[in-house]
Each structure stands twice: as C-alpha cells, then as structure tokens.
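Here is what each chain is made of, one letter per residue.
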Amino acid sequence: MELAQVRLLVSDFAACYHFYAEVLGLKPQSGASEGPYEKFSPHTGSAGIALQDRSMMAGVLAELGETATGHRSLVVLRVDDLDAYCAAITARGAVLLRGPALLTDRMRVAHLKDPEGNLVELQEWLLLRG
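Described in the following lines is the structure provided in the data block. (Residues numbered from 1 in each chain as written. Predicted model: local features only at pLDDT ≥ 70, side-chain atom pairs only at ≥ 80, totals over all residues. Heavy atoms only, no water.)

### Observations concerning the environment of Ala-21
Relative to the assigned elements, Ala-21 resides in helix H1 (residues 13-23). When its relative accessible area of 11% is taken as the criterion, Ala-21 is described as buried. A sequence separation of 65 residues divides Ala-21 from Cys-86, and the C-alpha atoms of the two residues are 15 Å apart. Beyond its immediate sequence surroundings of up to four residues, Ala-21 is in contact with Leu-26, Pro-28 and Phe-40. (Helix = DSSP H or I, 4+ residues; strand = E, 2+ residues; numbered from the N terminus. Buried < 20%, exposed > 50% of the residue type's maximum accessible area, 1.4 Å probe, protein only. Contact = heavy atoms within 4.5 Å.)

Structure follows, in structure tokens:
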C-alpha cells in the first residue's frame, strides 16, 4: 500500500488553488486553477496535497453537499528555515495564527489557515540542523 495524497474538499477552488500554489509555493501538477481537481507537490519528497471541488464530490456522496464546519484537517509541511519561509509567505498574503515558535525541544512550528479554514502547520525539525 502507498499513500497517494491527502485530498481536501473545498468550496472556493480558485482561492485554495492560489493559496497552495502562489502563497505556499507548492507545485501544481496540471495548472487546473479552476478545478475541479488539482494535486500539489513540494519541491522535495513524494507526498502531495490535492484539492477536490466539494460540489463535484457531493454528486458522488450526497452528504458532502452539507456545509463543512469545524477543523476537519491539518496539513503539515516541513521546511528547512521556518523564519525565512514564514517571512516569504506572509509577504505573499499568508496570515499566521501563531508562530514561528517552539512546539517541543525538537520542533518549531507556525500555524495558518487556507481560504477554506483548513489548518496548515509549518514545521522546522531542529534535530536535522546537525
């Protein structure tokens, strides 16, 4: 078994596409900025995040037609230099909820939300600093 991706169901596809591609700087697979689907990849590693238009999936699973409430996901991205990355993404429009700050003695984190309210955690692993 292999994890192919984590897929987020979104209502405002264009805003979320802009956030993951332009604000966070992830690479879109096809450039389908209006949806209904797009996969994003970091510059290293094999994990990916995909966006799926919620209304399209509601045609498959009717219960998805209901408005999403609460925090249903937490996307976690590891970066080498948390301070530099946070400075870059805030310059591109991201709004940090918290951080950068120590979470544990091994990790610094910052938190923000995408346009749909999904939480994004940015991690810098201190053990990898050497």
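That was the structure; now back to the text.
### Considering the nonpolar core
Core analysis: the largest hydrophobic core is formed by 26 residues, its most contacted members being Tyr-20, Leu-24, Leu-51, Ile-89, Leu-112, Val-120 and Leu-122. Breaking this core down by element, the ones donating at least two residues are strand S1 (6-10), H1, strand S4 (49-53), strand S5 (74-78), helix H3 (82-91), strand S7 (107-113) and strand S8 (119-125). It is H1 that contributes the most residues to this core, 7 residues altogether. When neighbours within four sequence positions are excluded, Leu-112 is seen to be in contact with Phe-19, Leu-24, Ile-89, Ala-94, Val-95, Leu-96, Leu-97, Asn-118, Leu-119, Val-120 and Leu-122. (Core = buried A, V, L, I, M, F, W, Y, C linked by side-chain atoms within 4.5 Å.)

### Examining the state of the cysteines
If you walk through the whole model with that rule in mind, you get 0 disulfides. Just so you know, Cys-16 is unpaired, no disulfide at all, and the nearest cysteine sulfur is the one on Cys-86, 19 Å from it. (Disulfide = S-S within 2.5 Å.)

### Comments concerning the layout of surface pockets
Counted as a void, the largest pocket has a volume near 640 Å³. For the largest pocket, the lining is made up of 24 residues, of which Leu-26, Pro-42, Thr-44, Leu-77 and Arg-78 are closest to its centre. By residue number, the principal contributor to the lining of the largest pocket is S5, which donates 5 residues. Counted by class, the lining of the largest pocket contains 14 nonpolar, 8 polar and 2 charged residues. Considering the residues around the second largest pocket, the lining is formed by 15 residues, among which Leu-9, Arg-54, Ala-68, Arg-72 and Asn-118 are closest to the centre. At 3 residues, S1 tops the list of elements feeding residues into the lining of the second largest pocket. Considered class by class, the residues forming the lining of the second largest pocket number 3 nonpolar, 8 polar and 4 charged. (1 Å grid on protein atoms, 1.4 Å probe; cavity = no way out; pocket = protein on both sides within 12 Å on 5 of 7 lines; lining within 4 Å. Points joined across faces, edges and corners; volume = space filled by probe spheres on them. Nonpolar A, V, L, I, M, F, W, Y, C, P; charged D, E, K, R; others polar.)

### Examining the sheet that holds S1
An order of S1-S4-S3-S2 is seen for the 4 strands of this open sheet, with the pairing classed as mixed. Only two strands of the sheet have a single neighbouring strand rather than two, namely S1 and strand S2 (27-28). On top of the sheet, H1 reaches S1, S2, strand S3 (37-41) and S4; it is set at about 170 degrees to S4, its chief contact. (Pairing = 2+ DSSP bridges. Axes fitted to C-alpha atoms, helices over the stretch in contact; angles between N-to-C directions.)

### What to know about the pattern of salt bridges
Using the criterion set out here, one finds 3 salt bridges in the structure. Taking the shortest distance from any N to any O, the salt bridge between Asp-83 and Arg-108 comes out at 3.1 Å. With Asp-83 in helix H3 and Arg-108 in strand S7, this residue pair connects regions lying 25 residues apart in the sequence. Given a relative accessible area of 13%, Arg-108 falls into the buried group. Its salt-bridge partner being Glu-124, residue Arg-108 comes within 2.9 Å of it at the nearest N-O pair. Within this pair, whereas Arg-108 is found in strand S7, its partner Glu-124 is found in strand S8, the two being separated by 16 residues in sequence. Through salt bridges with shared partners, a single ionic network connects Asp-83, Arg-108 and Glu-124. (Salt bridge = Lys/Arg side-chain N within 4 Å of Asp/Glu carboxyl O.)

### Examining H1
Looking at H1, one finds that the buried residues are Phe-13, Cys-16, Tyr-17, Phe-19, Tyr-20, Ala-21 and Val-23. Looking at the residues trailing H1, positive phi occurs at Gly-25, about 80 degrees.

Everything listed here is a matter of geometry and, on its own, says nothing about what the molecule does.
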